[in-house]
Structure formats: C-alpha cells, structure tokens
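Descriptive analysis of the structure
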Amino acid sequence: MAAPNPSRTTDWWRDAVIYQVYPRSFADGDGDGTGDLAGVRARLPHLAELGVDAVWFTPWYASPMVDGGYDVADYRAIDPAFGTLDEAEKLIAEAAALGLRVIVDIVPNHVSDRHAWFRAALAAGPGSPERARFHFRPGRGTDGELPPNDWPSQFSGNTWTRVPDGEWYLHLFTPEQPDLNWAHPDVRREHEDVLRFWFERGVAGVRIDSAALLAKDPGLRDFVEGVDPHPYIDQDEIHDVYRSWRAIADIYGGVFVGEVWLPDAERFARYLRPDELHTAFNFNFLACPWEPGRLRRTIDDTLAEHAPVHAPATWVLCNHDVTRTATRYGRADTAFDFATKRFGTPSDLELGTRRARAAALLTLALPGSVYLYQGEELGLPEADIPPDRVQDPMHFRSGGTDPGRDGCRVPLPWEAEAPAYGFGAGPGEPWLPQPADWARYAVDRQNADPDSMLTLYRTALALRRTVPGFGDGPLTWLPAADGVLAFTRTQGLTCVVNLTHTPAPLPPHTELLLTSGPLTPDGTLPPDTAAWLQAD
Ligand code: NOJ
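Residues numbered from 1 in each chain as written. Predicted model: local features only at pLDDT ≥ 70, side-chain atom pairs only at ≥ 80, totals over all residues. Heavy atoms only, no water.

1. Quick notes on the pattern of salt bridges
Pairing between side chains of opposite charge can happen when their charged atoms approach one another. Enumeration over the complete set of coordinates arrives at 36 salt bridges. In this structure, Asp 250 and Arg 246 form a salt bridge, with 3.0 Å as the shortest nitrogen-oxygen distance. Of this pair, Asp 250 and Arg 246 both sit in helix α6 (residues 238-252), four residues apart, roughly one helical turn. The exposure class of Asp 250 is partly exposed, given its relative accessible area of 48%. (Salt bridge = Lys/Arg side-chain N within 4 Å of Asp/Glu carboxyl O. Helix = DSSP H or I, 4+ residues; strand = E, 2+ residues; numbered from the N terminus. Buried < 20%, exposed > 50% of the residue type's maximum accessible area, 1.4 Å probe, protein only.)

What follows is the structure, given as structure tokens:
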C-alpha cells in the first residue's frame, strides 16, 4: 500500500476515500447465494489493494430483510445469513490490520416489525407505555377507518397501517418498518447505547440512515405540499439528538456521516455544526447531471455551504439506492431522480463509462472525502432484473412503475470463468441474477488490464495518497474554454475535465499524472475525459 501523504490532515475523515459494502452482494463465503461476512473477510485484500481508507457496511444486523436490512430486528446482533457478532469483531480487527477503518450503518428512524419493542407494543394494546415508543393513533372517520393523517411516504403508498385492535401506526417506509417516537426517552437512551456498543467494538464511524426524518411534528398534523412546513423532514428538534450523539462519538474518536437529503444548503449545513455530525452525504452532487455549468455550480455551492461550519464536503456518485453511474451518464437525462426511474430507459454504456471514468478523477480531486460504492471501481452498469426476480419494496409500492433498486445491488463478479463469476464458494444461486455478459467486469480480468476501470481507480487512489494537494483544502478554478472544468488544488495539483464535444488543450503543466482515457495524437483532452496534471 502507498505511504500516506504527509500533506493530508490528521483528521482522517476529512479527506478519506470510503468504500461502501452491501454485504448481501459483495462476496458469499458459505456459498448459499447471499453475501456474508466470511466473504468480506476473504476479500478484504481487494479493498486494501484498491487503496481506500475505510469501509462502510450497510446494515448487517438481524433483519427479516424486507428492505435489504434497513428493517432492523436487533441492532446488537448480526443477521445469521451474514454471520455472527464474533465474525464482525474479527472482521473489524482484520480490516484494521490492513489499514482499513470500519463504519457501521445505524437506522434510527424505524425498526423492523419483528423488533422486540414493536412485538411488545402490539401485544400491550392501546394506551400502553410500549406503544408510546412508536406513533400509534386512533384513525379518523366515524369508525376510525381512515388513517390519522395524510403524510406522504418516502416509498410511495401509505404511511399508516391499522392493527387488529383498531389503532394505526406510522411508517414512513414499508409497514414492516414502524417509525420510532423520538420524543420518547427510551428511544434516545437505546440508540445512545447502541452507538456505544459499536464504538466499543472498534468501529471508526457510523452512517446515520434517514438522518433528517427522526423528529415528527408533535401534533402529527396534515401536510399541504408547498404551503405548510414539512411535518417530518428536518424538524429542529433533531439537532438535539445529534448533539448528544456527538458527545458519545467524541469519547471514542468516532465520526458520523448523515444521510441527509435536503436541497436547502443552509438547513443542510446545520447538521454539520461543530457539535453535531462530522459529515453528511452530498446528494446534490450525486443527482447533478453531467453538464459543466451544473457541475461547477454544485461544486461551488457545496464548498460554500460547508465552509461556515468548517465541515469537509463529501462526494458521492452512486450508492445502493440509485442508478449506477455508468448507466446514468450514458442516458439522455444524466441527472438522478427517484421520481423518474423507469424500466428500459436506454443508455449508451460506452459513453456512460467514459464519463464515469472522467467523473472518478473529478471526484477524487475535489476537496473533502469520497464515497465509492462496491462495483463502481469495476464500472458495473445498472442490471436489468427480470420482473419475477425483483425484490425491492420500492418497486412494489410504486405499483410497478419504479423498477426499484435491485439493479444496482447485483452480486459482484470476481472471477470471469467461475460459476456466478466467483461471487460464491458454493452451489447457491446468487440472490439476484447476474447478467450474462458480466465476465468482462470481473475483478480478475480487470486486474490484468492496464486500461480497466479497476486499474484507473487503483492508480488514482495511489496518487491521491502520495501526491501533495489532494483531499481537504482550497480549490481554485482556472480559466478554461466553455464546457471545460479546470481547477487547481494546492502545490500545483490540477484537474481538468472536458465536458464539450471537441478536444480541449491541456492547461500548462510540468507533468501529466493520469488521464481517464487516452489523449488525442496531438496531446489534447478528448470529450468526456479528465486529466490530473502537476503544474509549477
Ligand atoms: C435509506 C437507505 O439508504 C435505503 O436503502 C432505505 O431503504 C431507507 N433509508 C429506509 O431505511
């Protein structure tokens, strides 16, 4: 592994590259078709060789997997399909030995309907202290047959489900994910304890799921879009929760990354005040189309909104919820929006891949930390999932119009010639089908190819570790032709991205460090290509 870059900050999280593992689909150690911790442990060297600093695991806790593990039945137990707590502890230690920090995913907004608290709440009945930990209410209408309010779901469809005794309970996601009542002291105490539990086991950080949704309007009032303040997104009370969490994290030197989808820059930055979360995902960048003006504005806005709170920006191109980068950037509409996802949207994969390669260099050169989603380093496209194999509740709750998120969750290809591309060590069919043409994306094939996406990422990450100027710090735009993004960091490090349709000259430089694709014969930068340069 490359030696650490002395110009980088000591706060590792301010400029780290963090790799997201979706355990179900990373590697299958026991060969039953579902990824697991044994699989991850066996493949940790891949991550160390790739050159990332940390690994974020999407939920690995005991769960009925109605929403891919974001329906947690027990925050202190590993799901048996993934392994045991003992294995998780070993994994954390083995990762540390390879220089990799571990980030776990905490889901505080809701639990599984199999969680002991919810089972107790159902059994205890209306008015009980057990129900007070959730949002149970009588219905409206003459017989209480109507839901208590009109709140929209995060997953389309209903937000209330009626139980046999007539009461309704709130769930912003599926009915199997009842929302917790964050005004209840038990809920706060329990989560603080869960944080301690994982920090005690050596994790370096916590990703906070649905971080802006926890607090609800106390009266659970109705909502008129565009007229009322939102009754459950970004309520002020939430910040008090994160201040108490920060005090716990500080004891262990742990860090937070919040899943905060908020378009308002000022409201977003509130989560990053010095006594709250260290970082939050930058979804505006993820959603931004591959257009020079929009990208530049998003980068500027991101840096401007983080500056007053002294928090580092994060840069994310994809994750387990969104369309894979190579596919998205090859479409007519290169923006990401949950609302417009449809089956069969055409994509020019060659174009999308060229752009994804350029986007990798752009992203890794920006100030702050970067999140890489498993398979992004392989340039995986979004897979088409046959209708009878779709599993994601988002698809079913949309009435079948939304293809869901399975297409970015397909088990990884490791070995081109092996069954299931080496995903599993046994006969189990992968839990989601892998496309027939994925041998070309397999890790072993890309390892041997100097022009592969994997080689590009490895080279870029090694440079990012060793060349001064990357990571946290200032960014200065350079004059460039319309449609070309060019900026310097410190110490002459320069990044240029050509988003026009014609080749562009490179800015003055003393050394060409890396390009995302070959230059033209006369040394100019082709369309949809990026370069890292060293200037005086
Ligand atoms: C955000 C997670 O990333 C997503 O996968 C999940 O479905 C929702 N939160 C609900 O937990």
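2. Details of the pairing of strand β9 (residues 205-208)
Residues Gly 205 and Arg 207 of β9 are buried on one face, and the alternating residues Val 206 and Ile 208, pointing to the opposite face, are buried as well. Pairing analysis gives four bridges linking strand β5 (residues 101-106) to β9, with the strands arranged parallel. When the bridges of β9 are listed, Ile 106 appears paired with Ile 208. The pairing of β9 with strand β10 (residues 255-258) spans four bridges and is classified as parallel. Counted as the bridge partner of Ile 208 is Gly 258 from β10. (Pairing = 2+ DSSP bridges.)

3. Considering the site of the ligand
In the vicinity of the ligand there are 13 residues, among which Asp 67, Asp 209, His 320, Asp 321 and Arg 405 approach most closely. The side chain of Asp 321 places a nitrogen or oxygen atom 2.5 Å from an oxygen atom of the ligand. Measuring from an oxygen atom of the ligand, one finds a side-chain N or O atom of Arg 405 at 2.9 Å. Protein contacts shield 97% of the accessible area of the ligand, which totals 290 Å² for the unbound molecule. (Near = heavy atom within 4 Å. Polar contact = N/O pair within 3.5 Å; in protein donor to acceptor, adjacent residues only side chain to side chain. Areas by Shrake-Rupley, 256 points an atom, 1.4 Å probe, with all protein chains shown as cover.)

4. Notes on the domain arrangement of the protein
If you check the domain split of the protein, you get domain 1 (12-108 + 185-458), domain 2 (116-170) and domain 3 (474-534). With centres defined by C-alpha atoms, the gap from domain 1 to domain 3 works out at 29 Å. Contacts between the two partners involve 20 residues from domain 1 and, on the opposite side, 18 residues from domain 3. Summed over both sides, the interface of domain 1 with domain 3 buries roughly 1,700 Å², with 73% coming from carbon and sulfur. Inspection of the domain 1/domain 3 interface yields one salt bridge. We note a salt bridge from Asp 528 to Arg 355, for which the minimum N-O separation is 3.1 Å. Here domain 1 is connected to domain 3 by six residue pairs in polar contact (both at pLDDT 80 or more). For the side of domain 1 that touches domain 3, the secondary-structure elements that each account for two or more residues are α9 (292-306) and α11 (349-365). At nine residues, the largest contribution of residues to the side of domain 1 that touches domain 3 is made by α11. Residues belonging to the side of domain 1 that touches domain 3 are distributed by class as follows: 14 nonpolar, no polar and six charged. (Domains from an automatic or database assignment. Contact = heavy atoms within 4.5 Å. Buried area = accessible area lost by both parts, 1.4 Å probe. Nonpolar A, V, L, I, M, F, W, Y, C, P; charged D, E, K, R; others polar.)

5. Here's the deal with the packing of aromatic side chains
All chains considered together, the criterion is met by 32 aromatic pairs. Relative to Trp 198, the ring of Trp 60 has its centre 5.7 Å away and its plane inclined at 40°; by these criteria the two rings are tilted. With Trp 60 in the loop between β2 (54-57) and β3 (61-62) and Trp 198 in helix α5 (residues 185-200), the pair connects residues that are 138 residues apart, well separated along the chain. The burial state of Trp 60 is the same as that of Trp 198; both residues are buried. Clustering of aromatic rings is evident, with ring pairs tying together Trp 56, Trp 261, Phe 281, Phe 283, Phe 336, Phe 338 and Tyr 371. Above the face of the Phe 136 ring, Arg 131 is positioned so that its terminal group lies 4.4 Å from the ring centre. (Phe/Tyr/Trp six-rings, centres within 6.5 Å; stacked < 30°, edge-to-face > 60°. Lys NZ or Arg CZ within 6 Å of the ring centre and 35° of its normal.)

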